[in-house]
Every structure is written in C-alpha cells, then in structure tokens.
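# Architecture at a glance
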Amino acid sequence: MAVSKLFQWLICLTSFLAVWLSYVLGLVQTKFSEEMNEIIIALPIYLLILFACVLLGMIGHRVATFNDCELASKELKEHIDAARQDLAKKGYKFASDWKS
C-alpha cells in the first residue's frame, strides 16, 4: 500500500512537533546552553522560512523550465479546424466570415 505524499509530510510534521513540544514543555531534560535553548524554541519559525524559500525555488525552477507543448498545440488547432468545418457544414456562420 502506497502512502501519499501529504500523509508522509503530516507524519514528519507530527513527529517534529512531538519532539519539539516535549523539549519546550520541559518533558525532556537537557544540558543545552541558554543560546541553544533560544535557537530550539525559535526552530519552527526557522523551518517555516526555510520551507517557504525551498517552495519558491521549486516554483521558480518549474516556471523557468516549463515545456512548450508544440505537438499538443498543433493537435488542438487541427481539432478546432475540424470542428469549424463541421459547424460550417451544418450552416453555422462564424463572425470572422461575415461581410459588412
């Protein structure tokens, strides 16, 4: 059974929050320095900023490498032409065909 990507992200997020909250609430005793404690408490904010930067980078990369679908464009134009011809056979007059 395949696990969806969303479910994988939710498992990771829940695991991180469980460990982080146990540290913040004092359920885990450590001997970290005061500076390290401040960093750990702000860690979700840092990770959220990092996540946003990675997503922006991914979006930028995908926009920059977006493929033109010339074959699909040609096929769509052929379908449009065939539909116009079929409608013209049935008596439909297109606005571009009308003479003033």
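Residues numbered from 1 in each chain as written. Predicted model: local features only at pLDDT ≥ 70, side-chain atom pairs only at ≥ 80, totals over all residues. Heavy atoms only, no water.

Here we come to the side chain of S22. With respect to the helices and strands, S22 occurs in helix α1 (residues 5–24). Excluding anything up to four places from it in sequence, S22 contacts L27 and V28. (Helix = DSSP H or I, 4+ residues; strand = E, 2+ residues; numbered from the N terminus. Contact = heavy atoms within 4.5 Å.)

Attention shifts here to the UniProt feature "transmembrane region" (unreviewed entry) in the protein chain. According to UniProt, the feature "transmembrane region" (unreviewed entry) maps to residues 6–28 and 40–59 in the numbering used here. Note that residues 6–28 is 83% helix and 0% strand, and that its end C-alpha atoms are spaced 29 Å apart. Spanning residues 40–59, this segment combines 95% helix with 0% strand, and its end C-alpha atoms are found 29 Å apart. (UniProt positions renumbered as here; feature names shortened; annotations may be inferred.)

Moving on: the packing of α1 against helix α2 (residues 34–41). Where α1 contacts α2, the two axes come as close as 10 Å, and the packing angle between them is 140 degrees. The angle between α1 and α2 falls in the class oblique. Two packed elements cross with a definite hand, and for α1 against α2 that hand is left-handed. Contact residues: W20, Y23 and V24 in α1; N37, I40 and I41 in α2. Tallied by class, the residues present in the contact of α1 with α2 amount to five nonpolar, one polar and no charged. (Axes fitted to C-alpha atoms, helices over the stretch in contact; angles between N-to-C directions. Parallel < 35°, antiparallel > 145°, perpendicular 65-115°, else oblique. Left-handed = near helix turned anticlockwise from the far one by under 90°. Nonpolar A, V, L, I, M, F, W, Y, C, P; charged D, E, K, R; others polar.)

Turning our attention to the domain arrangement of the protein chain. Assigned domains of the protein chain: these are domain 1 (1–31) and domain 2 (41–92). Put simply, the middle of domain 1 and the middle of domain 2, counted by C-alpha atoms, are 35 Å apart. Each partner contributes to the interface: domain 1 provides four residues, whereas domain 2 provides five residues. The contact between domain 1 and domain 2 buries some 380 Å² in all, and 89% of this surface belongs to carbon and sulfur atoms. Per-residue buried area on domain 1 facing domain 2 is highest for W9, F16 and W20; these three make up 80% of the total on that side. Inspection of the domain 1/domain 2 interface yields zero salt bridges. Our count for the contact surface shared by domain 1 and domain 2 stands at zero residue pairs in polar contact (both at pLDDT 80 or more). Residue composition of the side of domain 1 that touches domain 2, by class: four nonpolar, no polar and no charged. (Domains from an automatic or database assignment. Buried area = accessible area lost by both parts, 1.4 Å probe. Salt bridge = Lys/Arg side-chain N within 4 Å of Asp/Glu carboxyl O. Polar contact = N/O pair within 3.5 Å; in protein donor to acceptor, adjacent residues only side chain to side chain.)

Right, let's talk about a nonpolar patch on the surface for a bit. Judged by side-chain polarity, L6, L10, L13, L17, L21, V24, L25, L27, V28 and I41 come together as a nonpolar surface patch covering roughly 930 Å² of accessible area. Here the nonpolar patch takes six residues from α1, the largest share from any one element. Mapped onto the fold, L6 is located in helix α1. For L6, a relative accessible area of 59% puts it in the exposed group. (Patch = residues over 30% accessible without salt bridge, like charges linked within 9 Å, V, L, I, M, F, W, Y side chains within 5 Å. Areas by Shrake-Rupley, 256 points an atom, 1.4 Å probe, with all protein chains shown as cover. Buried < 20%, exposed > 50% of the residue type's maximum accessible area, 1.4 Å probe, protein only.)

Attention shifts here to the packing of aromatic side chains. Per the stated rule, a full pass over the model turns up two aromatic pairs. Pairing W9 with F51 gives two aromatic rings, centres 5.6 Å apart and planes at 65 degrees, and the pair type is edge-to-face. Placement of W9 in helix α1 and of F51 in helix α3 (residues 43–64) is noted, with a sequence separation of 42 residues between them. Residue classification places W9 among the exposed residues on the basis of a relative accessible area of 51%. Owing to a relative accessible area of 37%, F51 belongs among the partly exposed residues under this scheme. Ring centres of Y23 and F32 lie 6.0 Å apart, and the angle between their planes is 55 degrees; on these two criteria the pair is classed as tilted. (Phe/Tyr/Trp six-rings, centres within 6.5 Å; stacked < 30°, edge-to-face > 60°.)

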